[in-house]
Amino acid sequence: MGMEGDLDYCGCVTNYRFEDFEPTIDEATGEPDERTKAYFASTSVGFHDPRSTDAALVGRVKRAIADGRKLTAVYADQEFGHGLDSSIPVATFAWFEKLVNVGGGRLVPGHLITWITVRPTHRRRGLLRSLMTTDLAEAKAAGYPFAALTATEGGIYSRFGFGVATWLRSIEVDTSPGFKMVREPDRRVEMCLPSELRELAPKIYDRFMRTSPGAMERQQTYIERATGALNTETGEEDRGVRAALHFDEQGEPDGYVSYKFAGWSKTPPTVDIIDFVAVTDAAYASLWSFLAAIDLSTRVTFGESAEYSPLPWLLTDSRRVKTVASEDNIWIRILDVKAALEARPWYVPGTLTIDIDDSLDLAGGRFTITSDGESAEVTPASDSTPADLGLGIAELGSLYLGGADPVILARAGRIDEQTPGSAVLASAMFSLGRAPYSPNGF
């Protein structure tokens, strides 16, 4: 971001230095360079992670390099005796690019933001705002139609124009005797060594990504988790991981699950899903049938299930699927209204004029969406053109992938319906035919 020097926030003068760099491993030593080590020391504090072993840190840095992450560190020039060394950032920020399915298999480069931390001793000095607003302006200038993030705290990012666009559910499935599906699955499932997924998982996931609105390219961490090469809690190898593949009629893998037994001390005996990806409905049903058939367990847990999953409808007793938690996942921030809306498909024809308020002045204005039932043309509208809906840029982010209902947002006062019936029309026009689902965090 290239900022450094004296910054004046909230009436108090502070002195911070902002540096952009890429994670680096020293070729001579095989270890991360000092600046990279200090950066990860700071993020570990911010996210309450245990201090990494040398080997685990090298693994984290290698994954960051594989993902193409760009880092920003903020340093305080003032140092206190016995305090943390000034080489350790007081705030961190990172971004990287991945393709995102915006509907109909259309893949668009997204600007993904992550690893945002501010040390408690340096809060309320404008660091987060400076980092975020600078990054969003640069991302817009670089031509990204939208930015995205996942939030550890829900009340922070709407003020920067981010709106919740996808959700996840954590489920528990009772697989005790009596578990039965309405229709018998094909059962073309076979167990495999988890290491087989190193090559197969990315290929299978790439096919899945093109079927699910909101799905995006995976980070390296997911491959490591699925293969058992990484336990994210310890940073070490996880030798308890097992895996299975589903095969299509031609014998090609089109789905997989990796999982582990939760231990004999857990009651009831439980299998925890680590990763579950199914390209087809047949693969989805058969993999669940396999999980239910695992001996010496009567419960399966999955923390990244879709908000609208077909699983309860597959079973003769839908009550066996219990939602234990539901939470937001991907937040979208529209940076270019025309580019973003024209990139996605529009399955319902119609015309809608929306008036968008953006407090950061990055993407506000009045626009007319004209859909022919396949794509849409988005044109700026004059102030004299009546708006059908008035909404904030965060609300547009929530609508973007079809996950939020304009009718509900209007009832909540988040959208101003200025033309009667326009919220119902918007609900039909913004729908992508399939609820968005991104089994992905970053």
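What you see is a predicted model; the values in this text were computed from it and never measured.

**Thoughts on the pattern of salt bridges**
A full pass over the atoms with the stated rule returns 22 salt bridges. Taking the shortest distance from any N to any O, the salt bridge between lysine 37 and glutamate 31 comes out at 3.3 Å. Accessibility expressed as a relative area gives 27% for lysine 37, which makes it partly exposed. Arginine 188 is paired through a salt bridge with aspartate 186; the nearest N and O atoms lie 3.3 Å apart. Relative accessible area serves as the criterion here: at 30%, aspartate 186 is assigned to the partly exposed category. One network of salt bridges, with partners in common, ties together Arg17, Glu19, Arg35 and Asp77.

**What about the sheet that holds strand S16 (residues 350-357)?**
Strand order in the open sheet formed by five strands is S18-S17-S16-S19-S20, with mixed pairing between adjacent strands. The open sheet terminates on both sides in strands that have one partner only, identified here as strand S18 (376-380) and strand S20 (415-417). Taken over all neighbouring pairs, the strand axes of this sheet differ in orientation by 25 degrees on average, direction set aside. The pairing of S16 with strand S17 (residues 365-371) spans seven bridges and is antiparallel. Residue pairing for S17: aspartate 355 is matched across the bridge by arginine 366.

**Details of the environment of isoleucine 113**
Its place among the elements puts isoleucine 113 in strand S5 (residues 107-118). Put simply, isoleucine 113 and phenylalanine 442 are 329 residues apart on the chain and 7.9 Å apart in space, counted from C-alpha to C-alpha. Setting aside chain neighbours within four positions, we find isoleucine 113 in contact with Phe93, Ala94, Trp95, Met132, Asp135, Leu136, Ala147, Ala148, Leu149, Phe162 and Phe442.

**A word on the packing of aromatic side chains**
Applying the stated rule across the entire model yields 16 aromatic pairs. Ring geometry for tyrosine 259 and phenylalanine 290: centres 5.9 Å apart, planes at 65 degrees, overall edge-to-face. One end of the pair, tyrosine 259, is in strand S11 (residues 253-261); the other, phenylalanine 290, is in helix H6 (residues 281-292), with 31 residues separating them in the sequence. For tyrosine 259, a relative accessible area of 6% corresponds to the buried category.

**Focus on the UniProt feature "binding site: acetyl-CoA" (unreviewed entry) in the chain**
Here the UniProt feature "binding site: acetyl-CoA" (unreviewed entry) sits at Ile116, Thr117, Val118, Arg124, Arg125, Gly126, Leu127, Leu128, Arg129, Thr152 and Glu153. Along the chain, the position of isoleucine 116 falls in strand S5. Excluding its chain neighbours within four sequence positions, the residues that come into contact with isoleucine 116 are Phe47, Thr92, Phe93, Leu128, Met132 and Tyr157.

What counts as what
Residues numbered from 1 in each chain as written. Predicted model: local features only at pLDDT ≥ 70, side-chain atom pairs only at ≥ 80, totals over all residues. Heavy atoms only, no water. Salt bridge = Lys/Arg side-chain N within 4 Å of Asp/Glu carboxyl O. Buried < 20%, exposed > 50% of the residue type's maximum accessible area, 1.4 Å probe, protein only. Pairing = 2+ DSSP bridges. Helix = DSSP H or I, 4+ residues; strand = E, 2+ residues; numbered from the N terminus. Axes fitted to C-alpha atoms, helices over the stretch in contact; angles between N-to-C directions. Contact = heavy atoms within 4.5 Å. Phe/Tyr/Trp six-rings, centres within 6.5 Å; stacked < 30°, edge-to-face > 60°. UniProt positions renumbered as here; feature names shortened; annotations may be inferred.

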